[in-house]
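Below are the chains, spelled out letter by letter.
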Amino acid sequence: MRSETPAPILLADYTPPAYLIDTVHLDVDLRADGTVVTATLACVRNAGTAAAATNPPLVLDGEELETLEVAVDGQVLPASAYRIDAETLTIATVPARFTLRTKVRIQPDANTQLSGFYRSKDGYFTQCEAQGFRRITWFADRPDVMARFTVTLHADKAAYPVLLANGNPVGQGDEADGRHYATWEDPFKKPCYLFAMVAAKLDVLRDTFATASGRTVQLAIYVEPGKLDQCPHAMEALKKSMAWDERRFGLECDLDHYMIVAVGDFNMGAMENKGLNIFNTKYVLARPDVATDVDFENIDRVVAHEYFHNWTGNRVTCRDWFQLSLKEGLTVFRDQEFGADTHNRDVARIREVRGLRAAQFPEDAGPMAHPVRPASYIEINNFYTATVYEKGAEVVRMIQTLIGREAFRAGMDEYFRRHDGQAVTCDDFVAAMSAASGFDFTQFMRWYREPGTPRVTAASAYDAQARRYTLTFTQANPKASDNAPYLIPIRVALFDAQGQELEGHSRTLLLTETTQTFAFDNVASAPVPSLLRDFSAPVLLDYPYTPAELTLLLAAESDPFNAWEAGQRLATGLILEATAAIAAGRAPVWPESFTAAARTLLTGYEARGAAFVAEALTLPGEATLAELLDEVNPDALHAARNGLRRHLAEALHAEFAAAYAALAPTGPYAPSADQAGRRALRNVCLGYLLERDAPAERQRAQDQYAGADNMTDQFAALAALANANAAARPAREAALADFYQRWQGEALVVDKWLAVQAGSRLPDTLATVQRLTAHPAFDLSNPNKVYALLRTFGANLVRFHAADGSGYAFFAEQIKALDARNPQVASRLARCFDRWKKFDAGRQAHARAALESLRDHPGLSRDVGEIVMRALG
Ligand code: B3K
Ligand code: ZN
């Protein structure tokens, strides 16, 4: 049993730092018995604080540091002059301005958490956000302490020829015993979470970028030796991002050197360290034969995201970690806009919302619900969430919707004019937007403050006599702290019965009351409303649409998001009805009108765009559907969704086959939006075709698998086979064996192989996953492998939530094993339990037992502890 629960950190408790640090000199000496870090800090009492007059003690953060020496102004302190405990170094008396020198030894080879300075295959790397810098040296590890850093690294030259840190190289040379050194100087003040250093053996791809003002930035991407041919796409993405940020926001790169280093062991996607981004290899390496269209697009987005942080996050940073969405929500919004501009805007928005509904809405409805700006946390790493990132981006998007694109741009200019070089809050960002637009955001701030997804219910009335149409909206959010209404922008258009959009009636309604009515005059007949176009606010919207109205919108709506949404609503209604039917032992019914609508989409893909049709023919996912049910019967839901797929496959067999043939590739592969859209639709067709238990369909998938010249098509065929019914078993096993054989040397492709098996709907998936944990391809110390195999399984609704609790029990054991090495990754896995209370009593009993066994596990980390505690509630 845990002896104590750590106390939460509260936003309300924020106080400015007692001491600031102007400059930092780090001398980092890599040796076989550990790395010695000598830090020289120019410290000064923070005059602006109330405590300044009281001569407060100096308290610095540190974790797992072996302290060798502490000196103030050159005088080595006796041990009695300072105090060290598990997390802090305290020096009771220091002058108002002084130089602190500390010497510590750290053990990067033993650092399995991958936070701080750690070993990976090709050398040593860092990850400091949120609180990893304290694992390197004693420091005020908080984002409102910003310092100028100079770093000298010393290491064996043959083993670690590449020595990097933030900023500009200012010196390098050889040392005795085959060693060498390099010194880097970062001209910008930064919080220590943006610190990075690398000592490794890596290959490099170089390029340059000429900025709008005519400066030249040296670009470099460092990767594991032998992988240079997988770098050009990331380099192009970087240059595209740099040009886009100049065009759209007038933001130019402020650096002489911009480096990206790819590392195979990394807890998350990538990290925006100033001038020295460190990336998970997953978001750098790509070649058509090893990366899919989605991989290529994700690389564009992540490269852009980290680059955009250079302004939104680095030049202007967060005052404290509660403000995380200040940089993350804004930067996700920026990378979304970049993706929309450079790929396909229509499909980008659809995918964003699909992602939001699959991850953020469940989070907001579950035990981890928190505001975009949380008010408290136990472990900050648990708050790098879909709410802070994706809902945060929706909040920024709403600001743009409310004031318009031009005023939004002016607001960004104002934000940088006011706050360049500062550590600020979400209020500061919104105040700049308000100053630039004159818009009053007082009510809007509720979006930052409250957890939970608002539910908006709409009703309509038509008065033929007055030719007046009215829409009445009611809003509620049971998770909020009170009943006050949100400011919700709702984009609306009206359509006539023929599917013509009524001119002059497309508006953005500003819902500010709990219940509010909006009138449309001069409306000739009762219209069909299209509500929440482009998903103008992150809400759940209920309106009593008839299937006929939805079918009309699916066919006629020019806003691609709402056309897609109409289709999703139709499918959702059918699947939920079928789920209830199956649970009650009845056979589901599939109306002909739905099949007809799907047929129209499929045969009309040239006009509507293949990428859109691929999205429209993809049914809502099980996790998203589960949120709509009070009690989830995962087997019935699974059977219902697959039943509809099977029904479409039978009814539209000829159309799927024809589209599949017509969409065959005509030229060499390129990851362009157009080609990717065609491949996506063709592979959706393949998936449906394989729903039929026919040897010819299996053969089709096998042929595609064998003949594909790119990973997108090869993997789509493998995935279709991996999910195919019992009769396809031999074909499935053969393809899986071949795939592993072929790609076992490419770590990222092996991840796909693990994931496709863990996500499979086959009934024996748990046994497969258990077996794979012992396979040489799996490695509990590599986060990508853990995410591919275990998190994919945890997201496999029907298999993870098996009625006998076997999925839960297995998972709890894996989390325990992982927690001992890497609490951040373990904690992410623990989130798979979030929605356990949505299931029946039997499943709940099993889930509770698994969660309690975690809670009672000796030595459980603060990370997993917080998740488990909230889940058990
Ligand atoms: N800022 C990093 C995330 C750091 C996560 C720390 N647990 C990546 C990003 O959002 O760009
Ligand atoms: Zn980010």
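Identification of the protein as Aminopeptidase N from Oryzomicrobium terrae is taken from an unreviewed UniProt entry.

Trainee: Can you break down empty space enclosed by the protein residue by residue, with the values?
Mentor: Over the atoms rolls a probe the size of a water molecule, and its path tells where empty space is left. Applying the stated rule across the entire model yields four cavities of 30 Å³ or more. Approximately 110 Å³ is the volume attributed to the largest cavity. What lines the largest cavity is a set of 14 residues, and nearest its centre among them are Gly-567, Phe-594, Leu-601, Ala-616 and Leu-617. Contributing elements (two or more residues each) for the lining of the largest cavity: α10 (560-583) and α11 (592-603). In terms of residue count, α11 provides more of the lining of the largest cavity than any other element does, four residues in total. Of the residues assigned to the lining of the largest cavity, the class counts are eleven nonpolar, three polar and no charged. When its volume is computed, the second largest cavity comes out at roughly 80 Å³. Lining the second largest cavity are Ser-530, Leu-531, Leu-532, Leu-541, Tyr-545, Leu-550, Leu-553, Asn-562, Glu-565, Ala-566 and Arg-569. Looking at the lining of the second largest cavity, the elements that each hand over two or more residues are β31 (528-531), α9 (547-556) and α10.

Trainee: Can you tell me about helix α15 (residues 634-651), naming the residues and giving the values?
Mentor: Helix length check: α15, at 18 residues, gives a terminal C-alpha distance of 26 Å against a target of 26 Å (1.5 Å per residue), a fit within 8%. Inspection of α15 places Pro-634, Ala-636, Leu-637, His-638, Ala-640, Arg-641, Asn-642, Leu-644, Arg-645, Leu-648 and Ala-649 among the buried residues, and these make up the whole buried set.

Trainee: Now, about the layout of surface pockets: what can you tell me, with residues and values included?
Mentor: Its volume calculated, the second largest pocket comes out at about 900 Å³. Lining the second largest pocket are 38 residues; nearest its centre among them are Asp-61, Gln-131, Arg-134, Asp-141 and Arg-142. Sort the elements by how many residues they give to the lining of the second largest pocket and strand β4 (residues 58-61) lands first, with four residues.

Trainee: How would you explain the UniProt feature "domain: Aminopeptidase N-like N-terminal" (unreviewed entry) in the protein if you had to name every residue and give the values?
Mentor: Following the UniProt record, the feature "domain: Aminopeptidase N-like N-terminal" (unreviewed entry) maps to residues 71-194 here. Summarising residues 71-194: 0% helix, 51% strand, and an end-to-end C-alpha distance of 26 Å.

Trainee: Break down the coordination of the zinc ion (ligand 2) for me, with residues and values.
Mentor: The coordination sphere of the zinc ion (ligand 2) contains the protein donors His-305 (NE2), His-309 (NE2) and Glu-328 (OE), at a distance range of 1.9 to 2.0 Å. Motif for the zinc ion (ligand 2), donor spacing along one chain: H-x3-H-x18-E. Residue His-305 is located in helix α2 (residues 293-309), and its partner Glu-328 is located in helix α3 (residues 324-342); the two are separated by 23 residues in the primary sequence. Assigned by exposure class, His-305 and Glu-328 land together as buried.

Trainee: How would you summarise the environment of Ile-136 if you had to cite specific residues and measurements?
Mentor: With respect to the element layout, Ile-136 can be found in the loop between β11 (123-127) and β12 (146-156). Setting aside residues no more than four positions away along its own chain, Ile-136 makes contact with Val-37, Leu-65, Val-104, Ile-106, Gly-116, Phe-117, Thr-126, Cys-128, Phe-195 and Met-197.

Trainee: Before we move on, could you go through the sheet that holds strand β13 (residues 162-165) and cite the residues and values that matter?
Mentor: Sheet strands pair via backbone hydrogen bonds, and the direction of the pair is either parallel or antiparallel. The strand order across the open sheet built from four strands is β10-β11-β17-β13, with neighbouring strands paired in antiparallel fashion. The open sheet has two edge strands with one neighbour each: β10 (116-120) and β13. The average angle at which neighbouring strand axes cross in this sheet is 20°, direction not considered. Bridging between β11 and strand β17 (residues 197-200) involves two bridges; their strand directions are antiparallel. Bridging across to β17, Tyr-124 finds its partner in Ala-199.

Rules used throughout
- Residues numbered from 1 in each chain as written.
- Chains lettered and ligands numbered in written order.
- Predicted model: local features only at pLDDT ≥ 70, side-chain atom pairs only at ≥ 80, totals over all residues.
- Heavy atoms only, no water.
- 1 Å grid on protein atoms, 1.4 Å probe; cavity = no way out; pocket = protein on both sides within 12 Å on 5 of 7 lines; lining within 4 Å.
- Points joined across faces, edges and corners; volume = space filled by probe spheres on them.
- Helix = DSSP H or I, 4+ residues; strand = E, 2+ residues; numbered from the N terminus.
- Nonpolar A, V, L, I, M, F, W, Y, C, P; charged D, E, K, R; others polar.
- Expected span 1.5 Å × (residues − 1).
- Buried < 20%, exposed > 50% of the residue type's maximum accessible area, 1.4 Å probe, protein only.
- UniProt positions renumbered as here; feature names shortened; annotations may be inferred.
- Donors = N, O, S within 2.8 Å, 3.2 Å for Na, K, Ca; no water.
- Contact = heavy atoms within 4.5 Å.
- Pairing = 2+ DSSP bridges.
- Axes fitted to C-alpha atoms, helices over the stretch in contact; angles between N-to-C directions.

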